[in-house]
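# Descriptive analysis of the structure
The primary structure of each chain is shown beneath.
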Amino acid sequence: AARPFLVLGGISDNEVEKLDRAKGPYAKVALCTMWLKEFISREMLHGSVGKSHHALLSRLYQYTSDGCLGYNQARKIAYIPFPFPHGQISAFFSAIIILIFPPLYHGYVNELWFACFMNTLTVLCFLGLHEVARELENPFQNVPNDLPLTTFQAQVNEALVTMYAGYHPDAWWTIIDESSTPKESDTHEKFL
């Protein structure tokens, strides 16, 4: 890949082989999504998520689905090209404006300096619109004006590592021992 993402915990040779065998535009993402959902289900069945309510755990499936939805939308933007005729007409009319507007402004405006100013402003506006259309044509390139996807992924990885590390030692709440089961009223008073 042109901009590889860091995978937390690395990737095994078996996973690389299975990902290489996955064909089609959505196969690799679907395979990784299946692995993630399988991992969540396995951890829930083994009881390693503690006494978390199932409604909270179902959010993990929802966010996994939201991630797939985001991927599919970004893939559509990246692979469905900007309409070719629109781009060509925009470039054509920008060239026409550069050639036609100077004599038009000079003919209709009495002051030469004002005609030059209006011509420059108009041409710059149209060329600016054309450049914006060119940038929107492919937003996922590796140029300064585009989305910093690797930076976003690094920030997500950093947040995951921080969450996985556990609670901050100076946290304001008291961690209740799991062996003791306090009364609901005691717990409620502690957190208020």
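Structure first, text after, so check above.
To keep things clear, this report deals only with the structure shown in the data block. (Residues numbered from 1 in each chain as written. Predicted model: local features only at pLDDT ≥ 70, side-chain atom pairs only at ≥ 80, totals over all residues. Heavy atoms only, no water.)

The next thing to look at is the packing of helix H1 (residues 13-21) against helix H2 (residues 27-46). At a minimum axis distance of 9 Å, the contact between H1 and H2 shows a crossing angle of 140°. With respect to their mutual orientation, H1 and H2 come out oblique. Between H1 and H2 the crossing geometry is right-handed. Here Glu-15, Lys-18, Leu-19 and Asp-20 of H1 come into contact with H2, specifically with Lys-28, Leu-31, Cys-32 and Trp-35. Among the residues forming the contact of H1 with H2, the class breakdown is 4 nonpolar, no polar and 4 charged. (Axes fitted to C-alpha atoms, helices over the stretch in contact; angles between N-to-C directions. Helix = DSSP H or I, 4+ residues; strand = E, 2+ residues; numbered from the N terminus. Parallel < 35°, antiparallel > 145°, perpendicular 65-115°, else oblique. Left-handed = near helix turned anticlockwise from the far one by under 90°. Contact = heavy atoms within 4.5 Å. Nonpolar A, V, L, I, M, F, W, Y, C, P; charged D, E, K, R; others polar.)

Take helix H4 (residues 84-108) next. Side chains of residues three or four places apart in an α-helix project in the same direction, reflecting 3.6 residues per turn. Here H4 spans 35 Å end to end across 25 residues, near enough to the 36 Å set by a 1.5 Å rise per residue. Ile-100 marks where H4 bends most, by close to 35°; the proline Pro-102 follows one to four residues later. Restricting attention to buried positions, one finds in H4 the residues Ser-90, Ser-94, Ile-97 and Tyr-105. Where H4 is buried, its residues contact helix H5 (112-137). (Expected span 1.5 Å × (residues − 1). Bend = angle between axes of the 7 residues up to and from the residue. Buried < 20%, exposed > 50% of the residue type's maximum accessible area, 1.4 Å probe, protein only.)

We now examine the packing of aromatic side chains. One pass over the full model with this rule turns up 4 aromatic pairs. Consider the rings of Tyr-26 and Tyr-71, whose centres lie 6.4 Å apart with planes at 90°: the pair is edge-to-face. A residue pair is termed long-range when its members are at least 10 positions apart, and Tyr-26 in the loop between H1 and H2 and Tyr-71 in helix H3 (residues 54-79) qualify at 45 residues. Using a relative accessible area of 40% as the deciding quantity, one classes Tyr-26 as partly exposed. The class of Tyr-71 is partly exposed, set by a relative accessible area of 31%. Arranged with centres 5.8 Å apart and planes meeting at 85°, the rings of Phe-101 and Tyr-105 form a pair that is edge-to-face. Taken together, the residues span about one helical turn, with Phe-101 and Tyr-105 both in helix H4 at a distance of 4 residues. Look at Phe-101 and you get partly exposed, because its relative accessible area is 22%. Residue class for Tyr-105 comes out buried when judged on its relative accessible area of 19%. (Phe/Tyr/Trp six-rings, centres within 6.5 Å; stacked < 30°, edge-to-face > 60°.)

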